[in-house]
Amino acid sequence: MKKYSYLFLVLFVFINCKNQQAITPTGLVTQKAMVVSAREEASKIGADIMAKGGNAFDAMVGTQLALAVAYPRAGNIGGGGFMVYRKNTGEVGTLDFREKAPLSAHRDMYLDSLGNVIPDMSTKGATSVGVPGSIAGIIEVHKKLGKLSLKDIFEPVIALAENGVKVTEKQAEILKGYRKTFIEVNSDSTKFASVYNAGDVIKYPALAKTLKIIQERGHDGFYKGEIAQKLAAFIQKNGGFVTEEDLARYQAVWRDPVRFNYKDLNIISMAPPSSGGVTMNQIFKMIKPYDLATFGHNSEKTIQVLTEAFRRSYADRNYYLGDPDFVEIPLDYLLKDSYLKQRMSNFSFDKATSSEAVSHGKVEVVESMETTHYSIIDADGNAVSVTTTLNGNFGSKLYCDELGFFLNNEMDDFSSKAGVPNMFGLIGAEANNIQPEKRMLSSMTPTIVEKDGKLWMVVGTPGGSTIITAVAETILNTYEFNLSMQEAVNAPRFHHQWVPDVLIFEPDGFSPELITNLKAKGYQVNIENNTIIGKVDAILVLPNGQLEGGADRRGDDKAVGF
């Protein structure tokens, strides 16, 4: 009897330790601090700021601004975003610096006289521009949490803009791809009408001048005075709606984060108007009863469980979520265990659930894939997770040559008309209709994860509607399947967003046999037009306190630290 008791004890210990196996790092490992972002230049500026005595919040300001120089397709001062932070004391919070609709906006502003959506009006040019929030965001963070002076933080970014940034192969390709659109929206004399090849250096003297004014005057340097006057006049000259009053009224908003547990993880993420935290909360609660680690990484059963949780959570996301300052969101109901158990009650491993059978909805939401994310941990253990965007690649494609930056096309993230897909195929409902000064719904999901009460991971990604699933998969890759941070980021990803009822796989990451088996169970699989899903940038705190970076191989992303 003793022998069997001993064997049972060994088996019990083995099962309960399967998630505690040591993970061998494969990404950059540093001792104290790290920044992971879409470009090495931006990561280096953030890391250098911390090396000179700044904290993670100072590094956030520098990294955000440096991405506007080095990665103008999504890095910005003419867009917006969200920040989640965790101080080394355990204090957590979030900042909403999402763009807002102008005062003149109204629910039917993108419809013609017959009630049809006017092509391109919410996606291209000045008519698509929302009131930018990025500068308000970084100045608010600096005021509340920063250590260094704005002068010290801005100086290396201004130098980067003046000295220029070398064009990468990937950047050259995308600039050439959008050149005709830049000329169409602006003119053939705009900065990006030029042809840029890999190895060329692009200098940004106009942006450097703009940054110097903000450096001196802070928030009001952008939202009032010379820059605000020029920006509003430029947008209106090109047919847009943003005015000096819209700019003067803009403020970033501190919000309570979404917090939830998954086993011994405490996940801290962004609340509405981001849909990320709420949707991911639903996903993790729905998958909790299933033993994913036993099923195996990216196995047929794991993919089925996650896909069906994705399908159900996105249906709720598209119908219920919007700007909490304008919409009552039934979070207590949506996150109730009994509700989520009922949502998964018709799931079977034998066959796919039809999206038609999953309420709530009749609507689909689409967002741009071209956001950007950066993760930061400083030497004191403060952590920052930031996702920021212009929405589409280069936003509205409208470039203010006098001020030196692109403007967002964030108005497309509203429901231009309930039930009509946006540029990313997402369908919106009444909760996300257009109203003056309202913030549009977003999938951006900057996230910080604690394990056993300690900082464990900082993670996020671009990817439009695929952001939420990519972040969830990255967390699970490390926690359930013991992948290193870099391996978890590199791993092939899949996505389902309820409508359209299609399961998307990244190219070359999944076996033909797996695809065939899922099709046989009724899953509609897209293998013809699949693309990369997200560009995750993450940091894992190793058991010895060192940091491992996961910089996504899908882009020019880079981890830098010391």
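Please read these numbers as outputs of a predicted model, since none were measured by experiment.

## Notes on the environment of Pro436
At step 1: Structurally, the position occupied by Pro436 is in the loop between β13 (405-406) and β14 (447-451).
At step 2: Leave out the neighbours within four places in its chain, and Pro436 touches Ala101, Pro102, Leu103, Ala105 and Phe326.

## What about helix α6 (residues 169-185)?
At step 1: If you check α6, its first and last C-alpha atoms are 25 Å apart, about what 17 residues at 1.5 Å a residue would give, namely 24 Å.
At step 2: A bend of about 45° at Tyr178 is the largest found in α6.

## Section: the nonpolar core
In a soluble, globular protein the nonpolar side chains are often hidden away together inside.
At step 1: With 86 residues, the main nonpolar core has Tyr262, Phe284, Ile287, Ile475 and Phe505 as its most contacted residues.
At step 2: Residues Met60, Val165, Ala232 and Ile235 belong to the second largest nonpolar core, which totals 85 residues.

## Structural notes on the packing of helix α5 (residues 150-163) against helix α7 (residues 205-217)
At step 1: Running from amino to carboxyl end, α5 crosses α7 at an angle of 170°, the nearest separation of the two axes being 8 Å. With respect to their mutual orientation, α5 and α7 come out roughly antiparallel. Every residue of α7 that contacts α5 at Leu150, Lys151, Phe154, Glu155, Val157, Ile158, Ala161 and Glu162 is listed here: Pro205, Ala208, Leu211, Lys212, Ile214 and Gln215.
At step 2: For the contact of α5 with α7, a count of residues per class yields nine nonpolar, one polar and four charged.

## What to know about the sheet that holds strand β19 (residues 537-541)
At step 1: Pairing is antiparallel across the open sheet formed by seven strands, whose spatial order is β1-β20-β19-β15-β14-β9-β8. Either end of the sheet is taken by a strand with one partner, and the two such strands are β1 (29-30) and β8 (258-262).
At step 2: Two elements, β1 and strand β20 (residues 547-551), share two bridges in a ladder whose sense is antiparallel. Bridge assignment links Val29 to a residue of β20, and that residue is Glu548.
At step 3: The sheet contacts of helix α11 (residues 276-287) involve β8, β9 (265-269) and β14, and relative to β8 the element is tilted by about 15°.
At step 4: With respect to the sheet, helix α16 (residues 467-479) is in contact with β8, β9, β14, β15 (454-459) and β19, its orientation differing from that of β15 by roughly 135°.

## Structural notes on the packing of helix α13 (residues 300-320) against helix α18 (residues 512-520)
At step 1: Orientation of α13 relative to α18, taken along the N-to-C sense of each, is 50°, at an axis distance of 10 Å. In this view, α13 runs oblique relative to α18, as classed from their interaxial angle. Where α13 crosses over α18, the two elements pack in a sense that is right-handed. From α13, Glu300, Ile303 and Gln304 reach across to α18, where they touch Leu514, Asn517 and Leu518.
At step 2: Looking at side-chain class alone, the contact of α13 with α18 contains three nonpolar, two polar and one charged residues.

## A look at the UniProt feature "active site" (unreviewed entry) in the protein chain
At step 1: Residues annotated by UniProt as "active site" (unreviewed entry) correspond here to Thr371.
At step 2: Locating Thr371 in the fold gives a position in strand β10 (residues 371-377).
At step 3: Contact partners of Thr371, with chain neighbours within four places excluded, come to Ala74, Thr387, Thr388, Thr389, Asn391, Met444, Pro462, Gly463, Gly464 and Ile467.
At step 4: Polar contacts involving the side chain of Thr371 include one to the side chain of Thr389, which spans 3.4 Å.

## Comments concerning the environment of Gly555
At step 1: The residue Gly555 is located in the loop between β20 and β21 (558-561) in this model.
At step 2: Separated by 522 residues in sequence, Gly555 and Ala33 place their C-alpha atoms 22 Å apart.
At step 3: Dropping the residues within four chain positions of it, Gly555 is found in contact with Lys170 and Lys535.

## Comments concerning helix α4 (residues 134-145)
The periodicity of an α-helix, 3.6 residues per turn, causes residues three or four positions apart to be oriented the same way.
At step 1: Its 12 residues place the ends of α4 16 Å apart at the C-alpha level, agreeing with the 16 Å of an ideal helix rising 1.5 Å per residue.
At step 2: Among the 12 residues that make up α4, 10 are buried, leaving the element largely enclosed by the rest of the structure.
At step 3: Within the sequence span of α4, burial applies to Ser134, Ile135, Ala136, Gly137, Ile138, Ile139, Glu140, Val141, His142 and Leu145.

## Some remarks on the sheet that holds strand β18 (residues 525-526)
Backbone hydrogen bonds hold the strands of a sheet together, and the pairing may be parallel or antiparallel.
At step 1: Strand order in the open sheet formed by three strands is β16-β17-β18, and the pairing between neighbours is mixed. Two strands close off the open sheet at either side, each with one partner strand: β16 (494-495) and β18.
At step 2: Where β16 and strand β17 (residues 503-505) come together, two bridges link them in antiparallel fashion. Residue His495 lies in a different strand from β17, and its bridge partner there is Ile504.

## Here's the deal with the packing of aromatic side chains
At step 1: Summed over all chains, the structure comprises 30 aromatic pairs.
At step 2: Measuring from ring centre to ring centre gives 5.0 Å for Tyr262 and Phe284, while their planes differ by 65°; the resulting arrangement is edge-to-face. Residue Tyr262 is located in strand β8, and its partner Phe284 is located in helix α11; the two are separated by 22 residues in the primary sequence. In this structure, Tyr262 and Phe284 share a single accessibility class: buried.
At step 3: With a centroid separation of 4.8 Å and an interplanar angle of 65°, the aromatic rings of Tyr399 and Phe406 are classed as edge-to-face. No difference in accessibility class separates Tyr399 from Phe406, as the two residues are buried.
At step 4: Connected via pairs of aromatic rings, a cluster forms that spans Tyr178, Phe182, Phe192, Tyr196, Tyr204, Phe394, Tyr399 and Phe406.
At step 5: Here Lys191 stacks its cationic end above the ring of Tyr204, 5.3 Å away from the centre of that ring.
At step 6: Cation over ring: Lys301 sits above Phe349, and NZ or CZ is 5.0 Å from the ring centre.

Conventions we followed
- Residues numbered from 1 in each chain as written.
- Predicted model: local features only at pLDDT ≥ 70, side-chain atom pairs only at ≥ 80, totals over all residues.
- Heavy atoms only, no water.
- Helix = DSSP H or I, 4+ residues; strand = E, 2+ residues; numbered from the N terminus.
- Contact = heavy atoms within 4.5 Å.
- Expected span 1.5 Å × (residues − 1).
- Bend = angle between axes of the 7 residues up to and from the residue.
- Core = buried A, V, L, I, M, F, W, Y, C linked by side-chain atoms within 4.5 Å.
- Buried < 20%, exposed > 50% of the residue type's maximum accessible area, 1.4 Å probe, protein only.
- Axes fitted to C-alpha atoms, helices over the stretch in contact; angles between N-to-C directions.
- Parallel < 35°, antiparallel > 145°, perpendicular 65-115°, else oblique.
- Nonpolar A, V, L, I, M, F, W, Y, C, P; charged D, E, K, R; others polar.
- Pairing = 2+ DSSP bridges.
- Left-handed = near helix turned anticlockwise from the far one by under 90°.
- UniProt positions renumbered as here; feature names shortened; annotations may be inferred.
- Polar contact = N/O pair within 3.5 Å; in protein donor to acceptor, adjacent residues only side chain to side chain.
- Phe/Tyr/Trp six-rings, centres within 6.5 Å; stacked < 30°, edge-to-face > 60°.
- Lys NZ or Arg CZ within 6 Å of the ring centre and 35° of its normal.

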